[in-house]
Amino acid sequence: MIVAGVMSGTSADGIDVALVEMSARAQAAGGGAKRKKNSKSTDPKVRFLGHAELPYPADVRRLVLASMNSPRASVADLARLNFLLGELYSEAVLAAQKRLGLKAELVGCHGQTLYHQGRPATFQGRQLAVTWQVGDGSRIAVRLGIPVVSDFRPADMAAGGKGAPLVPYLDYLLYRDREVGRVMLNIGGIANVTALPPGATLEQVIAFDTGPGNMVIDALAEQLFGEPCDRDGTIAASGRVLDEVARRFANESYFRQKPPKTSGREEFGREFAREFLQACNSSAVPASAGGKAAPAEKRDVIATATAFTARSIRDALKRYVVRKGQFTELIASGGGTKNPTLMSVLARDLGELGLRMRSSDEFGIPSGAKEAVAFAVLAFETWHRRPSNVPSATGATRPVVLGKISYP
Ligand SMILES: Nc1ncnc2c1ncn2[C@@H]1O[C@H](COP(=O)(O)OP(=O)(O)O)[C@@H](O)[C@H]1O
Ligand SMILES: [Mg+2]
């Protein structure tokens, strides 16, 4: 079965579509034959066929970002956005199919997260953890004439989980190894890791969000340079790191919180970027100015945000993952891998932790396509009514079937 996975992440840069050939897991051989607990023999088979990245039109990106950040959005506009994204996701799948000369039979669409609060908080006297992804599934199903699985996160939350991260299921299927301990690092708007010790069972998967990936760099690049990101890391490469600021922010409470944990724009969005910029500005008072505030060099702010991001990832791995040389490989993916300044600092730091950096491309999935592949795989499992959350990663009390199915 060919499944299209559709992902648009917290960066709100656009839509990634991956086409994946899925085949049902083989039956466990010979009735009663005991199967090793982490054996791959009954896993569904995943074959990557191709992918396409379709940027959001600039106006749509602005609208999505404004809706995420707004404390007071218009309900009518949010309803419209839900249907508009349904249209854009349909068109993205059609474009990907055309480009690759393939036709999908099922879609797994993550949708665009407008709000995610993984930890319960009091609302109207009740403790609620909540999440909201938009991009109407019925619209996609009818436009494409095939069933669509969407809205994956609420089922995990209903079972007491944080609704995230969900990609560890794919990591577990594809990257676990009897001998080699691996860490998968995806650097999107938010950065997250999945750690699979050698011979890991599903219960032993460690996964959490380390904190910002590109999000803080992007916000500051937009604010200071009017650019959507620090393309190819050139601004950061030309700047000087304000060490004290990078160190101080990497020590904020989120980073010292034990996993499982998730984060998003709620923690590292516009407000965080504003505080970060302020701290850069007040740390950059030159001695010669007699204590008078002078704004930091703009490129130094980007260099500092890049150093802070790398540092927060390194610290998370050091604190919560790496021990006794159990992990030796790190497989990097996500848009952040295209920022060589960020990646070279990370490669050096990770080398010190005994981790050799590899790319998800080496394993047959382009680094920009991995999350889209994950949602194709999750959709396939849901279609067969099989659970695909990883309770050790999300904190759910049990495995559950994720998502909602829309029919054409
Ligand atoms: N050439 C590049 N140079 C620097 N950063 C890049 C480059 N290409 C992509 N990125 C970064 O990757 C982000 C998109 O990554 P992605 O994995 O799609 O994240 P998300 O899942 O949050 O959408 C962009 O917002 C940008 O910050
Ligand atoms: Mg993206």
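Our subject in this report is the structure included herewith.

Rules of the game
Residues numbered from 1 in each chain as written. Chains lettered and ligands numbered in written order. Predicted model: local features only at pLDDT ≥ 70, side-chain atom pairs only at ≥ 80, totals over all residues. Heavy atoms only, no water. Near = heavy atom within 4 Å. Polar contact = N/O pair within 3.5 Å; in protein donor to acceptor, adjacent residues only side chain to side chain. Areas by Shrake-Rupley, 256 points an atom, 1.4 Å probe, with all protein chains shown as cover. 1 Å grid on protein atoms, 1.4 Å probe; cavity = no way out; pocket = protein on both sides within 12 Å on 5 of 7 lines; lining within 4 Å. Points joined across faces, edges and corners; volume = space filled by probe spheres on them. Helix = DSSP H or I, 4+ residues; strand = E, 2+ residues; numbered from the N terminus. Nonpolar A, V, L, I, M, F, W, Y, C, P; charged D, E, K, R; others polar. Buried < 20%, exposed > 50% of the residue type's maximum accessible area, 1.4 Å probe, protein only. Pairing = 2+ DSSP bridges.

### As for the site of ligand 1
Around ligand 1 lies a shell of 20 residues, among which S11, G189, D218, D232 and G335 are the nearest. In this structure, an oxygen atom belonging to ligand 1 sits 3.4 Å away from a main-chain N or O atom of G9. Within the backbone of D232, an N or O atom sits 2.7 Å from a nitrogen atom of ligand 1. For ligand 1, whose unbound accessible area comes to 570 Å², protein coverage reaches 89%.

### Comments concerning the layout of surface pockets
A volume near 570 Å³ is recorded for the second largest pocket. What lines the second largest pocket is a set of 26 residues, and nearest its centre among them are R61, L65, N69, A219 and E222. Of all the secondary-structure elements, those providing two or more residues to the lining of the second largest pocket are helix 1 (58–69), helix 6 (215–225), helix 10 (265–268) and helix 11 (270–283). Per-element accounting of the lining of the second largest pocket gives the leading share, six residues, to helix 1. By residue class, the composition of the lining of the second largest pocket is 11 nonpolar, five polar and 10 charged.

### Considering the pairing of strand 4 (residues 106–109)
Residues of strand 4 alternate between two faces, with L106 and G108 on one and V107 and C109 on the opposite face, all of them buried. Direction of pairing for strand 1 (residues 2–7) relative to strand 4: parallel, over a ladder of four bridges. For V3, the partnering residue across the bridge sits in strand 4 and is L106. Sheet topology note: the strand 4/strand 7 (residues 148–150) ladder contains three bridges and is parallel. Residue pairing for strand 7: V107 is matched across the bridge by V148.

This is a description of form; function is not addressed.
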